[in-house]
Amino acid sequence: MAAYLCAPAVIHGEHSVDTREIVAEVHGRHPDAAWAPRIDGIAASTGIETRGWMLPLEAAVAPGAGTAGAGAAREALIREGFTEQDADRVIAALEAVPAPQTVQERTAPAWEAVQAYGERAARGALQAAGLDVSDVDCLITSNSTTPALPGLDVALANRLPLRGDTMLLPATQWACVAGTRSLALAADLVAADPDRVVLVVISEALSTTYQPADDTLESLIVRLLFADTAVAAVVTGRPRPESVLRLDAAWHHTLPGTRDLHRLETRADGTHFVMDRRGPRAVQETVTAMWEWLRVRYEDDPAAWHPDVLLAHPGGTRVLEYMEQTMPDEWPSGLLEYSRDSYTTGNRGGAAVFDILRRAHDAGQKAGSRAVLYAAAPGLTATALEGEWL
């Protein structure tokens, strides 16, 4: 496989949103919800005190522009026998009630931010790799939260701009697995042509799943978990002075019958992320399968080999706990240090593994140390890579 990864660029959401702000907003909006008495404990259990969003909290909770069709409603009232004065009073009363934002009002500014953040990440990754925009032969993009056509690939091809013959490979539904799966795809591409330069860009505005009117417990947890991030990295088929990690092998796994455990739903007020409490245990099944892949891969040296760092997308603290519970007993502790550190400022979805990788790189890793990158996404589907620090 032998693909070479340069240090990723990570652009965090510039608007810091504290957990106490979210708790106050949600509690004020839903004081009678069944979970209201437990909201402080629920918030504390996430372990997240602040997260960065591409847009401020005010943008997520602001009312819509107004009541649509007020003129038509007034005419209908008059046809039904209302006087003009009474009809005007009814319309005025209706317009005084805050209208929810439309899907367009919510997603349009977020989509603009996703493109801008993605461009910044792409330029940062190219700079880290010592390359220019004109060197890019293939662009892989992932963006699941603000779908658009044309997508992030075409937007970046124009904004950077890329060469006209650059291969564009967009992935709009990879979600949380985007970090590892994009690297696996990039590795396949450079294996076919070692001179190829692949740029990977993942830009997600997960804050668009913050839905003020939703009073379910799952929606409360979603409000507390997600952060907005754009990341990018360069993958090449030959080592460069700027390469930091060699990718040696990839593994993919999909659990049948689990497609409804986690999902995005588009409703009248926008995108909702729906979670099932069975999710963490299902993720654990993919982790157990990954350990078996590694066991077979290193069956000639099972006692001596173990990863020196595990860069795992932290879907939540419970997922990380389950991962530790299923590790072989002889493996050292602390393999998830950087994953835990990343999670303290939010779940970054598909961008998470790149953020974790950047943290590990900045802390310094010994050449020859082994790394495992892992992520699972709604489906449930997972991808892992195994490689060596350079």
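**Some remarks on the packing of aromatic side chains**
Taken as a whole, this structure holds six aromatic pairs when the rule is applied. With centroids separated by 5.6 Å and ring planes inclined at 75°, the aromatic side chains of W53 and Y210 adopt a geometry described as edge-to-face. On the criterion of sequence distance, the pair formed by W53 in strand β4 (residues 50–53) and Y210 in the loop between β7 (197–204) and α9 (217–225) is long-range, its members being 157 residues apart. One exposure class covers both W53 and Y210, and it is buried. The interplanar angle of 80° and the centroid separation of 5.4 Å between the aromatic rings of F226 and F273 together place this pair among those described as edge-to-face. One end of the pair, F226, is in the loop between α9 and β8 (229–236); the other, F273, is in strand β11 (residues 270–275), with 47 residues separating them in the sequence. Judged by its relative accessible area of 6%, F226 falls in the buried class. The ring of Y210 is capped by R223, whose NZ or CZ atom sits 5.1 Å from the centre of that ring.

**A word on unusual backbone geometry**
Of the consecutive residues L149 and P150, the connecting peptide bond is found in the cis state with omega at 0°. If you trace the backbone, P150 turns up in the loop between β5 (138–142) and α7 (152–159). In this chain, G379 is followed by L380 through a cis amide linkage whose omega measures -20°. With respect to the helices and strands, the residue L380 is situated in strand β14 (residues 379–389).

**Quick look at the side chain of T229**
For T229, the location among the structural elements is in strand β8. Given the relative accessible area of 1%, T229 is considered buried. In this structure the side chain of T229 is engaged in a polar contact, spanning 3.2 Å, whose partner is the side chain of R348. Setting aside its immediate chain neighbours within four residues, T229 contacts V10, I11, H12, M54, I202, S203, E204, R348 and A351.

**Examining the nonpolar core**
A general trend in soluble globular proteins is that nonpolar side chains are found buried together. Ranked by size, the top nonpolar core spans 41 residues in total, and within it V198 and L245 carry the most contacts. Broken down by element, this core gets its largest block of residues, seven residues, from helix α8 (residues 178–192). Not counting residues up to four positions away in its chain, the partners in contact with V198 are C138, I140, A186, L189, V190, A233, V234 and V235. Counting 30 residues, the second largest nonpolar core, distinct from the first, contains A113, L139, A232 and V234.

**Description of helix α11 (residues 317–326)**
Those residues of α11 that sit buried are V319, L320, Y322 and M323. Looking down the long axis of α11, one finds its buried residues gathered within 160° of arc, a one-sided arrangement. Against the buried residues of α11 lie α10 (279–297), β12 (309–312), α12 (337–343) and β13 (370–377).

**Brief notes about the environment of A230**
Its location among the elements puts A230 in strand β8. Placed 105 residues apart in sequence, A230 and A125 show a C-alpha to C-alpha distance of 11 Å. With residues up to four places along the chain from it excluded, the contact list for A230 reads A9, V10, I11, M54, Y117, G118, A121, I202 and S203.

Conventions used here
- Residues numbered from 1 in each chain as written.
- Predicted model: local features only at pLDDT ≥ 70, side-chain atom pairs only at ≥ 80, totals over all residues.
- Heavy atoms only, no water.
- Phe/Tyr/Trp six-rings, centres within 6.5 Å; stacked < 30°, edge-to-face > 60°.
- Helix = DSSP H or I, 4+ residues; strand = E, 2+ residues; numbered from the N terminus.
- Buried < 20%, exposed > 50% of the residue type's maximum accessible area, 1.4 Å probe, protein only.
- Lys NZ or Arg CZ within 6 Å of the ring centre and 35° of its normal.
- Polar contact = N/O pair within 3.5 Å; in protein donor to acceptor, adjacent residues only side chain to side chain.
- Contact = heavy atoms within 4.5 Å.
- Core = buried A, V, L, I, M, F, W, Y, C linked by side-chain atoms within 4.5 Å.
- Arc of directions from axis to C-beta.

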